[in-house]
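Okay, here's what each chain looks like letter by letter:
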Amino acid sequence: MSTPSSTTDRPIRLARKNTQGIIAGLDMWNLVTLAAAAGIAIVSINRWGFPAFFVSMPIWLTLAIAGLAQYHGVAFPRIAAQWVSLHVRRVLGGTTTRFRPERPQIAGTLNLPGRLASIQVWDADGQAVAYNPFSKTISITAELEVQGFLMLEMPERNELARNWGQVLAGFTQRDGITRVSLQERTVPTTILPARQFYAETVTRRGLDPESAVARNYDDVLDQSESFAVSHKNYVTLTFDLVKLQGQIKNLGGGKSGILALARIETANVTDALRSARFDVRKWLSVREWAALGRTAFDPEYLSATQSRLQDDAGVDLAAIGPMALDEPAGKNGIVRSDSGWHSTMWIHEWPRTETHVGFIEPLVFARHPNSGEAVTHIFSLVLTPVKTRSALKRIDDEKRTWRTNQRVKAKRNQQDSAADNADWDALIDQEQSIVAGEGEYRYGAYLTVSATSEERLNSSLAGMRNALTRAGMEPQILYCQQAEALMVSALPLGQGMK
């Protein structure tokens, strides 16, 4: 640990996940299941007597046990509900989607499954604005310039992290921003620019392309092709149109007012990021926005997309979605789309000890354990701003829950645990940070690993789990929710798993 005078080298401690629940570590799913078990038992004995009580015992006892069970902090009844939902959808044909190009389609809709098909993507002076009619929100996405961040000295990293924290804190103080989503996408790329430059050099200088040196250089380029990797970072801001309807009305109302609002917010966010020493490489156009979804669903299409430049960059909006989407029977942790196999995980635990800025470096540079190739993945961090008053109220509620749990344990003659004390310390730290002016976000992190075959997906998952272990992060596969989770990662819409 650094000395107090060395503020730029100090380690950081992430907020601890609360384990207190509503009471005694149980959440609403647990309590509802326990209430159902108690209701069945009470009705049985009061209505039909002890014989019915014992006959119904397998039902209420099973519910009671399930109501007390948890897996990685998630209530077992919730997991069971998701499993039932998946199989109901499978019986109804909801786990298989096929796109029929010849089928008439409503103008303005997207080739996406379910309610996502109603999303509209508008062009605001070359910038994509995604409008969600169900949530009454718009989203704008920027590609950030963060090249070499992990190669900077630690003081510079910490300085940039503090600047970024100030930008995020500013977002919590503004009405209308409902989500801030950060994404890091690692995908194979092409070395086509290097090949073109080499070919131009050979022609310009009149070199012999059949010489030993030229052949060796061609071999180097061929070997480099399979190890070429692209790391890109995006930020998506989602705005609540209901809260901003007054401003939209002043800008002309309707679609034109919304587009004017998007242009204003684009300038505001660009200035805020620039003041924090983060450059916006570009705000995504409609074609570039669509390309993020298309290449996530169809990894084999990456090279074709990356070779397009200038006005041809990206893909047409009509080609954004998958031609096929399947949740294979018996494989609840996998979803298949076109040429891709995907598995999405929720980051259940973050480093429990003091760590440093850039601790996700092993995740960013994760490799296949056998071939050494980079793991294709999308890491998404979905942040929901919380107003200061709401944040302080949440901390007061959790303090009361903590004290209630302590009184219950005292009556049972149970000793305090280190986990309970850590929960209390975390609440105090959060309260002090909020009082000091730092913003608060509710957040969820999701990691989608993709490959072109199921075998390569299993290898990718093994390499990614090794990387997550080194980073001190614990993942949990989102069983029975893979199709929805893939959409959260593939489409820059500021969505999360609700």
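Small disclaimer: the values here were computed from a predicted structure and weren't measured.

Draft legend 1. Quick peek at the overall build of the protein. Check the secondary structure of the protein and you find 16 helices and 15 strands. Per-residue burial over the protein gives 45% buried out of 498 residues. When the accessible surface of the protein is split by element, carbon and sulfur atoms take 56% of a total near 26100 Å².

Draft legend 2. Inspection of the pattern of salt bridges at higher detail. What the rule picks out here adds up to 16 salt bridges. Between R263 and D125 there is a salt bridge; the shortest N-O distance is 3.6 Å. On the criterion of sequence distance, the pair formed by R263 in helix α9 (residues 254-275) and D125 in the loop between β4 (120-124) and β5 (127-132) is long-range, its members being 138 residues apart. The exposure class assigned to R263 is partly exposed, which follows from its relative accessible area of 34%. Its salt-bridge partner being K387, residue D175 comes within 3.2 Å of it at the nearest N-O pair. Linking D175 in the loop between α5 (154-172) and β7 (177-188) with K387 in the loop between β13 (376-386) and α13 (388-411), this pair joins segments that are 212 residues apart in sequence. A relative accessible area of 56% means that D175 is categorised as exposed. A single network of salt bridges, built from pairs that share partners, joins E143, E145, R281, K282 and E288.

Draft legend 3. The side chain of E288, seen in detail. Structurally, E288 is set in helix α10 (residues 286-297). Classification of E288 as buried rests on a relative accessible area of 18%. In terms of polar contacts, E288 uses its side chain to reach the side chain of K282, at 3.0 Å. The residues contacting E288, other than those within four sequence positions of it, are K282, W283, A313 and G314.

Draft legend 4. Broad picture of the packing of aromatic side chains. Scanning the entire structure with this criterion turns up eight aromatic pairs. Taken together, a centroid distance of 5.1 Å and an interplanar angle of 35 degrees make the contact between F53 and W60 tilted. For F53, a relative accessible area of 17% corresponds to the buried category. By the ring-pair criterion, three or more aromatic residues cluster together here, those being F50, F53, F54 and W60.

Draft legend 5. Expanded view of empty space enclosed by the protein. Evaluation of the coordinates by the stated rule reveals one cavity of 30 Å³ or more. Along its surface, the largest cavity is lined by 14 residues, and S181, Q183, V488, P492 and G494 are the ones closest to its centre. Secondary-structure elements contributing two or more residues to the lining of the largest cavity are β7, β8 (229-240) and β13. Looking at side-chain class alone, the lining of the largest cavity contains eight nonpolar, six polar and no charged residues.

Thresholds, definitions, all that
- Residues numbered from 1 in each chain as written.
- Predicted model: local features only at pLDDT ≥ 70, side-chain atom pairs only at ≥ 80, totals over all residues.
- Heavy atoms only, no water.
- Helix = DSSP H or I, 4+ residues; strand = E, 2+ residues; numbered from the N terminus.
- Buried < 20%, exposed > 50% of the residue type's maximum accessible area, 1.4 Å probe, protein only.
- Areas by Shrake-Rupley, 256 points an atom, 1.4 Å probe, with all protein chains shown as cover.
- Salt bridge = Lys/Arg side-chain N within 4 Å of Asp/Glu carboxyl O.
- Polar contact = N/O pair within 3.5 Å; in protein donor to acceptor, adjacent residues only side chain to side chain.
- Contact = heavy atoms within 4.5 Å.
- Phe/Tyr/Trp six-rings, centres within 6.5 Å; stacked < 30°, edge-to-face > 60°.
- 1 Å grid on protein atoms, 1.4 Å probe; cavity = no way out; pocket = protein on both sides within 12 Å on 5 of 7 lines; lining within 4 Å.
- Points joined across faces, edges and corners; volume = space filled by probe spheres on them.
- Nonpolar A, V, L, I, M, F, W, Y, C, P; charged D, E, K, R; others polar.

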